[in-house]
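Working through the structure, step by step
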2 protein chains.
Amino acid sequence: MSPTIRDVAAAAGVSVATVSKYINGAQRFSAPVEARLKEAIATLGYRSNPLARSMITGRTRTIGLTILDISNPHFTNVVKGANRIALRHDYTLLLVDIDEQQARERPLIEALSQRVDGLIVSSRLPDEEAHWMLDLGKPVVLLRNAEALPIPSVGIDNRLASHMLARHLLNLGHRHIAYLGFGQARINDERIRGVRECLEEAGLELDVHDAHAPTALAGEHACSRVMLGPKRPQAVICYNDLIALGFMKEAATLGIRVPQDVSVTGIDNVPYGAYAAPGLTTIDIQSERMGELAMQKLIDALAGHPDPGNSMFEPRLIVRESTASAAAPTASA
Amino acid sequence: MSPTIRDVAAAAGVSVATVSKYINGAQRFSAPVEARLKEAIATLGYRSNPLARSMITGRTRTIGLTILDISNPHFTNVVKGANRIALRHDYTLLLVDIDEQQARERPLIEALSQRVDGLIVSSRLPDEEAHWMLDLGKPVVLLRNAEALPIPSVGIDNRLASHMLARHLLNLGHRHIAYLGFGQARINDERIRGVRECLEEAGLELDVHDAHAPTALAGEHACSRVMLGPKRPQAVICYNDLIALGFMKEAATLGIRVPQDVSVTGIDNVPYGAYAAPGLTTIDIQSERMGELAMQKLIDALAGHPDPGNSMFEPRLIVRESTASAAAPTASA
DNA sequence: TTGAAAGCGCTAACAT
DNA sequence: ATGTTAGCGCTTTCAA
């Protein structure tokens, strides 16, 4: 067994209380006591047991972070940002990748909440079913726009984001625009609405398809369905970058050229959109800063300075080569 | 405050020991006791305090995972795999992204070790300086080939991996091959050796360049240096996929065509290599399975079935479009 | 500035 | 099958 505070106390000839205070730098000590303490700790190789401390103080210096899918670079970047701020404040991340356990989501989060000082939660749960998070007894920050909920949150304006994409495509002269979504995501509807709003102003209709998953593979699968079915679109707005990347790859396989035959857009601005060819036109949502801000809000709350309310990052259009003007009509119907 | 085991005991009219045993499902109970227990727990909303339990049992059901950079999809996939196995065995991940704190690496890991049952460590430390990990008092699995160390480990055969790439390029008729590495990585030398071995058999020399970072951005920066300096190569073997992706993007910007003007390879088989254009020829190292196996080894060790020694995944060449035969000599010197 | 003592919430002998 | 009791390693009054 490793040495305890009692071993140190005995070796230094002081009481355990003194050792405790010394470790926590709680006060000043007489020179001889300090010297003996220092030496005893060094020779014994004593290291304080964080569990025992946490049990008393009720603080673990740990933040729980639940993420939908760490494989998605958007969430990877959220974690990166959150981790940076956490480390800076001497907190550590307890990570739970919900992806494959959606049914166990609530018990997983409840269990997690007992082991941390606070939580950052990304979840598929609709707002109406998220109220139990208030009873966790721990500060929570949601990764979404939860204006309706009395829980601090960080998100982006999805309606505006997709509106911007639609406008961009209209400006390029496209008239037949399709949306390739992911119906299981809460925000899918917001993104559809943003596109619809924009198209309606122009008197245009929107064809909506579903990719069944927010992944590149799902984008690949959906491509032929969208492009080779009736009403072939001139431009496709994808739910996210991964779907768009998969879509573009499959389009190439099918002999459909991007952007000449079809313009494609994503949302998220994951790093690999820039390394695809053509580069993916997308909306930057500042994933890493979202993680940073969520963690900052949580740490502020932990420090007694809660910042309730929703923080929304402003979307920014990133134009690359996957979108082009509809000028030259091609082999499309 | 939330109810404790004592509150439950009082409410149910039994002793705390009985409550404890009930919670842990340690034995059978008489019907009336069980009923009262169940009700007391339900009405009080009692939930056992994992910290208090951990202090006694000495187990936290948490695994520490230190990763060099969660932004690198290779490591993301390692985390994904590790998380999957952990969740299956009811363990949670305590994640530390070392990236920005390389100097604090050792203290960070030492602190982490106190809060977990075991650790999976990915680190830049050379084998010679990793011995202190044996004194952590917790099982450790290293993410590397640590045959020299008495620590279980999971890795790939780097020499073989790069040898395979070199052979692939030789078979395509390339004679002037360059290596674009990342000198700060331990395994960089192994990868150079693999290429050199292969080239020496053919009586060829290798030009070695350095990207300064294992990132796509670093690959972009290095491209003109490699391609527009003296001795322009016909093929470039990159330290990893990210560097290769960056390299390819910058090559396109410079008007250098891949693979017609230069063949490019990576290592890792990150998902986005398949979505780049041209698709990136690379070595699959089974990142996700590495994470799974590392976690499995650790959990086995925790269960008293240690599997010491090094496990090596076999590299597999994935040929895509970024490599092609040197048949048609182009504008290269 | 230092120490004694009372727990934090729980488990694990051991007894009944 | 249930209860008693002694702590796990530490912090925190409170007193000296």
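Residues numbered from 1 in each chain as written. Chains lettered and ligands numbered in written order. Predicted model: local features only at pLDDT ≥ 70, side-chain atom pairs only at ≥ 80, totals over all residues. Heavy atoms only, no water.

1. Things to note about the overall build of chain A
Helices and strands together make up the secondary structure of chain A, namely 11 helices and 12 strands. Relative to the 2.2 N^0.38 estimate, which gives 20 Å for 333 residues, the radius of gyration of chain A is 26 Å and therefore markedly larger than a compact globule would have. Within chain A, buried positions represent 54% of all 333 residues. Looking at chain A alone, contacts between residues at least 24 apart form 69% of all its contacts between residues at least 6 apart. For chain A, the exposed surface amounts to about 14200 Å²; the carbon and sulfur share of it is 51%. Charge-centre separation for chain A: the mean point of 34 positive side chains lies 7 Å from the mean point of 37 negative side chains. (Helix = DSSP H or I, 4+ residues; strand = E, 2+ residues; numbered from the N terminus. Rg over C-alpha atoms; globule rule 2.2 N^0.38 Å. Buried < 20%, exposed > 50% of the residue type's maximum accessible area, 1.4 Å probe, protein only. Contact = heavy atoms within 4.5 Å. Areas by Shrake-Rupley, 256 points an atom, 1.4 Å probe, with all protein chains shown as cover. Lys, Arg positive; Asp, Glu negative; His and termini not counted. Charge placed at Lys NZ, Arg CZ, Asp CG, Glu CD.)

2. Some remarks on the interface of chain A and chain B
Tallying the contact residues gives 50 residues for chain A and 50 residues for chain B. With both chains or domains summed, chain A and chain B bury close to 4300 Å², and 57% of this area falls on carbon and sulfur atoms. Inspection of the chain A/chain B interface yields six salt bridges. Of the charged contacts in the structure, one is a salt bridge between Asp99(A) and Lys80(B), with a shortest N-O distance of 3.2 Å. Listing elements by their share of the side of chain A that touches chain B, those giving two or more residues are helix H4 (50–57), helix H5 (73–88), strand S2 (92–97), helix H6 (105–113), helix H9 (216–228) and helix H10 (241–253) of chain A. Here the side of chain A that touches chain B takes eight residues from H5(A), the largest share from any one element. Residue classes in the side of chain A that touches chain B are distributed as 23 nonpolar, 14 polar and 13 charged. (Buried area = accessible area lost by both parts, 1.4 Å probe. Salt bridge = Lys/Arg side-chain N within 4 Å of Asp/Glu carboxyl O. Nonpolar A, V, L, I, M, F, W, Y, C, P; charged D, E, K, R; others polar.)

3. Brief notes about the protein's contact with DNA strand C
Taken together, the neighbourhood of DNA strand C is formed by 26 residues, with Thr18(A), Gln27(A), Ser30(A), Ile5(B) and Tyr46(B) sitting nearest. Considering the 4 Å shell around the protein, atoms of DNA strand C inside it are sugar or phosphate in 63% of instances. In this structure, Thr18(A) approaches DNA strand C through a side-chain N or O atom, which is 2.6 Å from a phosphate oxygen. Within the side chain of Asn24(B), one N or O atom sits 3.3 Å away from a phosphate oxygen of DNA strand C. No other element matches the four residues that helix H4 (residues 50–57) of chain B contributes to the surface near DNA strand C. Classifying every residue of the surface near DNA strand C gives 13 nonpolar, nine polar and four charged. (Near = heavy atom within 4 Å. Polar contact = N/O pair within 3.5 Å; in protein donor to acceptor, adjacent residues only side chain to side chain.)

4. Things to note about unusual backbone geometry
All names here are of chain A. Residue Pro259 is bonded to the preceding Val258 through a cis peptide linkage, with omega at 10°. Tracing the backbone through its elements, the reader meets Pro259 in the loop between H10 and strand S9 (263–265). With phi around 135°, Asp268 is a residue other than glycine that occupies positive phi space. In this fold, Asp268 is placed in the loop between S9 and strand S10 (282–284).

5. Regarding the protein's contact with DNA strand D
In the region of DNA strand D, 27 residues are neighbours, and Ile5(A), Tyr46(A), Ile56(A), Gln27(B) and Ser30(B) sit closest. Among all atoms of DNA strand D positioned within 4 Å of the protein, those belonging to sugar or phosphate total 56%. Lys21(B) is positioned with one of its side-chain polar atoms (N or O) 2.7 Å from a base oxygen of DNA strand D. Contact between DNA strand D and Ser30(B): a phosphate oxygen at 2.3 Å from a side-chain N or O atom of the residue. Looking at the surface near DNA strand D, the elements that each hand over two or more residues are helix H1 (5–12), helix H2 (16–23) and H4 of chain A together with helix H2 (16–23) and H4 of chain B.

6. Observations regarding empty space enclosed by the protein
All chains considered together, the criterion is met by one cavity of 30 Å³ or more. In this structure, the largest cavity spans a volume of roughly 150 Å³. Contributing to the lining of the largest cavity are 13 residues, with Leu51(A), Arg115(A), Leu51(B), Thr62(B) and Arg115(B) lying nearest its centre. Among the elements that line the lining of the largest cavity, the one with the most residues is H4(B), at three residues. (1 Å grid on protein atoms, 1.4 Å probe; cavity = no way out; pocket = protein on both sides within 12 Å on 5 of 7 lines; lining within 4 Å. Points joined across faces, edges and corners; volume = space filled by probe spheres on them.)

7. Focus on the packing of H2(A) against helix H3 (residues 31–44) of chain A
All names here are of chain A. Closest axis-to-axis distance for the H2/H3 pair is 11 Å, and the angle between their directions is 85°. Taken together, the axes of H2 and H3 lie roughly perpendicular to each other. Between H2, through Thr18, Val19 and Tyr22, and H3, the contact on the second element is made entirely by Val33, Glu34, Leu37, Lys38 and Ile41. (Axes fitted to C-alpha atoms, helices over the stretch in contact; angles between N-to-C directions. Parallel < 35°, antiparallel > 145°, perpendicular 65-115°, else oblique.)

8. As for the sheet that holds strand S9 (residues 263–265) of chain B
All names here are of chain B. Strand order in the open sheet formed by four strands is S7-S6-S8-S9, with parallel pairing between adjacent strands. Sheet topology places strand S7 (206–210) and S9 at the edges, where each strand pairs with a single neighbour. The average undirected angle you get between the axes of adjacent strands in this sheet is 20°. Summarising the sheet, strand S6 (residues 177–181) and S7 pair through five bridges and their orientation is parallel. From the neighbouring strand, Gly181 faces S7, where its bridge partner is Asp210. (Pairing = 2+ DSSP bridges.)

9. Description of the pairing of strand S5 (residues 153–156) of chain B
Residues and elements named next belong to chain B. Of the two faces of S5, the one carrying Ser153 and Gly155 and the one carrying Val154 and Ile156 are both buried. Two strands pair when backbone bridges link them, and strand S4 (residues 140–143) and S5 are joined in this way by two bridges, in the parallel orientation. Pairing of Leu143 across the sheet is with Val154, part of S5. Where S5 meets strand S11 (residues 310–313), four bridges bridge the pair, whose relative direction is parallel. Across the sheet, residue Val154 finds its bridge partner in S11, namely Ser311.

10. Observations regarding the relation of the copies chain A and chain B
Superposing chain A onto chain B takes a rotation of 180° plus a shift of 0.0 Å along the axis, which leaves an RMSD of 0.1 Å. The superposition operator between the copies reduces to a two-fold rotation axis. Taken together, the interface assignments show that 100% of the residues at the interface of chain A recur at the interface of chain B, consistent with an identical surface on both copies. (Least-squares fit on C-alpha atoms with pLDDT ≥ 70 in both.)

11. Things to note about the pattern of salt bridges
What the rule picks out here adds up to 26 salt bridges over all chains. For Glu292(A), the salt bridge identified is with Arg84(A), shortest N-O distance 2.5 Å. With a gap of 208 residues between them, Glu292(A) in helix H11 (residues 287–302) and Arg84(A) in helix H5 connect regions that are remote in the sequence. The partly exposed category is assigned to Glu292(A), whose relative accessible area is 22%. Salt bridges here are not isolated pairs; linked through shared partners, they connect Asp69(A), Asp97(A), Asp99(A) and Lys80(B).

12. A short note on the packing of helix H5 (residues 73–88) of chain B against helix H11 (residues 287–302) of chain B
Residues and elements named next belong to chain B. Contact geometry for H5 and H11: axes closest at 6 Å, N-to-C directions at 40°. In terms of their interaxial angle, H5 and H11 are classed as oblique. In the packing of H5 onto H11, the handedness of the crossing is right-handed. On the side of H5, the interface is formed by His74, Asn77, Val78, Lys80, Gly81, Ala82, Arg84, Ile85 and Ala86, while H11 contributes Ser287, Glu288, Met290, Gly291, Glu292, Met295, Gln296 and Ile299. (Left-handed = near helix turned anticlockwise from the far one by under 90°.)

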